[in-house]
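# Fold and geometry: a report
Now for the letters of each chain:
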Amino acid sequence: MKGSIVTIMTKMSESEIARFLMQGKFTGKLATVNKDGSSHVVPIWFVLDNKNNRHKVGNIVFTTSESSAKANNIRRDNKVSICVDDQTPPFSFVSVFGVAKTYPYKQNEVLKWATKIAGRYMGEKNAESYGRRNSEEGSVLVRIKPTRIVGEKDVAGWD
């Protein structure tokens, strides 16, 4: 049928996934498990720690308050997932399943990563001030080690 929407999803390569995850200002939607077993999903700012290999997906890194629901959930059950999506046609997404770990507050380490994250989402001009704001005492660094990644591009297109 001419002009109809058809599904033409194509799997992304690892290199495409790494590029997609760091594209623009896409937020991650982090899913953790609450104490009662229900799901907890929140948007997060993040960057990849891909060990100087921009074509490979490394750990996903973000900061949060040590008393946040997501930090508490991760300490209790470290299995998490993140979905990052492009909401512009032809639509693409990456879902990352992995294990997360919170790291106790170390000012220099949290500041380093909070500044990188702020640079991505707030621009280099504001990176330092937002980095400092998001790395105060009581903040923790979270690293997610991917165990499985699904990336699909061109989810919908026109015939």
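Now for a quick tour of the structure. (Residues numbered from 1 in each chain as written. Predicted model: local features only at pLDDT ≥ 70, side-chain atom pairs only at ≥ 80, totals over all residues. Heavy atoms only, no water.)

### Comments concerning the overall build of the protein
Secondary structure summary: the protein contains four helices and ten strands in total. Secondary structure elements of the protein occur, N-terminal to C-terminal, as β-β-α-β-β-β-β-α-β-β-α-α-β-β. A compact globule built from 159 residues should have a C-alpha radius of gyration of about 15 Å, and the protein, at 17 Å, falls within 12% of that. The C-alpha extent of the protein, read off along each of the three principal axes, is 60 × 40 × 25 Å. Burial analysis of the protein (159 residues in total) assigns 40% to the buried set. The contacts of the protein with a sequence gap of at least 6 include a subset with a gap of at least 24, amounting to 74%. Looking at charge distribution, the protein has the averaged site of its 25 positive side-chain charges lying 3 Å from that of its 16 negative ones. (Helix = DSSP H or I, 4+ residues; strand = E, 2+ residues; numbered from the N terminus. Rg over C-alpha atoms; globule rule 2.2 N^0.38 Å. Buried < 20%, exposed > 50% of the residue type's maximum accessible area, 1.4 Å probe, protein only. Contact = heavy atoms within 4.5 Å. Lys, Arg positive; Asp, Glu negative; His and termini not counted. Charge placed at Lys NZ, Arg CZ, Asp CG, Glu CD.)

### Considering the environment of Val33
Note that Val33 resides in strand β3 (residues 28–33). Val33 sits 47 residues away from Val80 along the chain, and the two C-alpha atoms are 7.7 Å apart. Once residues within four sequence positions are removed from consideration, Val33 is found in contact with Ser38, Asn73, Arg76 and Asp77.

### Remarks on the pattern of salt bridges
Taken as a whole and judged by the stated rule, the model has seven salt bridges. Of the charged contacts, one joins Lys11 and Glu152 as a salt bridge, the two residues approaching to 3.4 Å between their closest N and O atoms. One end of the pair, Lys11, is in strand β2 (residues 10–11); the other, Glu152, is in strand β9 (residues 139–153), with 141 residues separating them in the sequence. The class of Glu152 is buried, set by a relative accessible area of 10%. Of the charged contacts, one joins Asp85 and Lys29 as a salt bridge, the two residues approaching to 3.4 Å between their closest N and O atoms. Of the two residues, Asp85 sits in strand β7 (residues 79–86) while Lys29 sits in strand β3, which places them 56 residues apart along the sequence. Of the residues examined, Lys29 reaches a relative accessible area of 26% and is grouped as partly exposed. (Salt bridge = Lys/Arg side-chain N within 4 Å of Asp/Glu carboxyl O.)

### Digging into the environment of Asn50
Tracing the backbone through its elements, the reader meets Asn50 in the loop between β5 (47–49) and β6 (59–65). For Asn50 and Gly37, which are 13 residues apart along the polypeptide, the C-alpha to C-alpha distance reads 32 Å. Apart from the residues within four sequence positions on either side, Asn50 is in contact with Lys56 and Gly58.

### Focus: the packing of aromatic side chains
With the rule as written, the count across this model stands at two aromatic pairs. Judged by centre distance (5.0 Å) and plane angle (10 degrees), the rings of Trp45 and Tyr121 are stacked. On the criterion of sequence distance, the pair formed by Trp45 in the loop between β4 (39–44) and β5 and Tyr121 in helix α3 (residues 107–122) is long-range, its members being 76 residues apart. Accessibility expressed as a relative area gives 6% for Tyr121, which makes it buried. A cation sits over an aromatic face here: Arg120 above Phe46, 4.8 Å from the ring centre. (Phe/Tyr/Trp six-rings, centres within 6.5 Å; stacked < 30°, edge-to-face > 60°. Lys NZ or Arg CZ within 6 Å of the ring centre and 35° of its normal.)

### Some thoughts on unusual backbone geometry
For the peptide bond that leads from Pro89 to Pro90, omega is 10 degrees, which places it in the cis range. Tracing the chain through its elements places Pro90 in the loop between β7 and β8 (92–103). Phi at Phe91 is positive, roughly 70 degrees, even though this residue is not glycine. Position of Phe91 among the secondary structure elements: in the loop between β7 and β8. Look at Asp154: it is not a glycine, yet its phi comes out positive at around 55 degrees. Within the secondary structure, Asp154 is located in the loop between β9 and β10 (156–158).

### Focus on the nonpolar core
If you look at the biggest cluster of nonpolar residues, it comprises 31 residues, and the most contacted ones within it are Leu21, Phe46, Phe62 and Ile144. Excluding anything up to four places from it in sequence, Phe62 contacts Leu30, Ile44, Trp45, Phe46, Lys70, Ile74, Ile117, Val140, Leu141, Val142 and Ile144. (Core = buried A, V, L, I, M, F, W, Y, C linked by side-chain atoms within 4.5 Å.)

By themselves, these are just geometric observations and shouldn't be taken as functional.
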